[in-house]
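What the coordinates show
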Amino acid sequence: MTNDLHRLSDLVDKLLSPAEALDHQRRESSKPLFDKQLFHGQSRLLVPCIREIQQEIAALKSEQASGRLHATRASYVCEKILAQIQAVQREMATKQIRESEPKYQVKQRKSLHELYDELAQHQDWERRLAAMVKDKAFALEQAPQASSRQPLQQQLLALEGRLARCQQAMTRLEKAILQLERKG
């Protein structure tokens, strides 16, 4: 078993350098690279996945050294590690395929400065819409008759919808800013 763990460890160590180079070249992907059942962390880069494999191997070595490693657990974890290694190797092998895929970019990417400006504009709109919603709600409370309330209710609903859409747009902008800042 010790030899098997050393072979796995050597194999994983050999993957680390090419994975670092590929991560540096490709940067972070838009989605996690692997399924939750395969890797605990939902990494968008290869190196954290390799680090997770190394931790699993280290845990097995530690259990074996202390005499707590059961054969069934060792077998299960080794199979999982092999599946993880194969998945990383497949992902690395797709480099040329991914490079040759046509890149469909529907929108022109905005700069970080443009995104911050757009976010500031949306924050201003959110403040104004929130004030308008508050005013309409107050006017609705003060309306004396049911006939004068109905148009106010419709206006209030429309304003609340606009406010919700504005807040959703702000959330999307914040995510885009965060993603662009991570890519650096």
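Residues numbered from 1 in each chain as written. Predicted model: local features only at pLDDT ≥ 70, side-chain atom pairs only at ≥ 80, totals over all residues. Heavy atoms only, no water.

Turning our attention to the overall build of the chain. A tally of regular secondary structure across the chain gives six helices and zero strands. Along the chain, helices (α) and strands (β) appear in the sequence α-α-α-α-α-α when read from the amino end. The principal-axis extent of the C-alpha atoms belonging to the chain is close to 85 × 40 × 25 Å. Split into buried and exposed, the 184 residues of the chain put 28% on the buried side. Taking the intrachain contacts of the chain between residues at least 6 apart in sequence as the baseline, contacts between residues at least 24 apart amount to 67%. Total accessible area computed for the chain in this model is approximately 12,900 Å², and 53% of it derives from carbon and sulfur atoms. Put simply, the chain has 30 plus and 24 minus side-chain charges, and the middle of one group is 3 Å from the middle of the other. (Helix = DSSP H or I, 4+ residues; strand = E, 2+ residues; numbered from the N terminus. Buried < 20%, exposed > 50% of the residue type's maximum accessible area, 1.4 Å probe, protein only. Contact = heavy atoms within 4.5 Å. Areas by Shrake-Rupley, 256 points an atom, 1.4 Å probe, with all protein chains shown as cover. Lys, Arg positive; Asp, Glu negative; His and termini not counted. Charge placed at Lys NZ, Arg CZ, Asp CG, Glu CD.)

What follows deals with the packing of aromatic side chains. If you walk through the whole model with that rule in mind, you get one aromatic pair. Taking the centre distance of 5.0 Å and the plane angle of 40° together, the rings of Phe34 and Phe39 count as tilted. Phe39 sits in the buried class, given a relative accessible area of 0%. (Phe/Tyr/Trp six-rings, centres within 6.5 Å; stacked < 30°, edge-to-face > 60°.)

Mapped onto the present numbering, the UniProt feature "coiled-coil region" (unreviewed entry) falls at residues 156–183. The span residues 156–183 carries 100% helix and 0% strand; its end-to-end C-alpha distance comes to 41 Å. (UniProt positions renumbered as here; feature names shortened; annotations may be inferred.)

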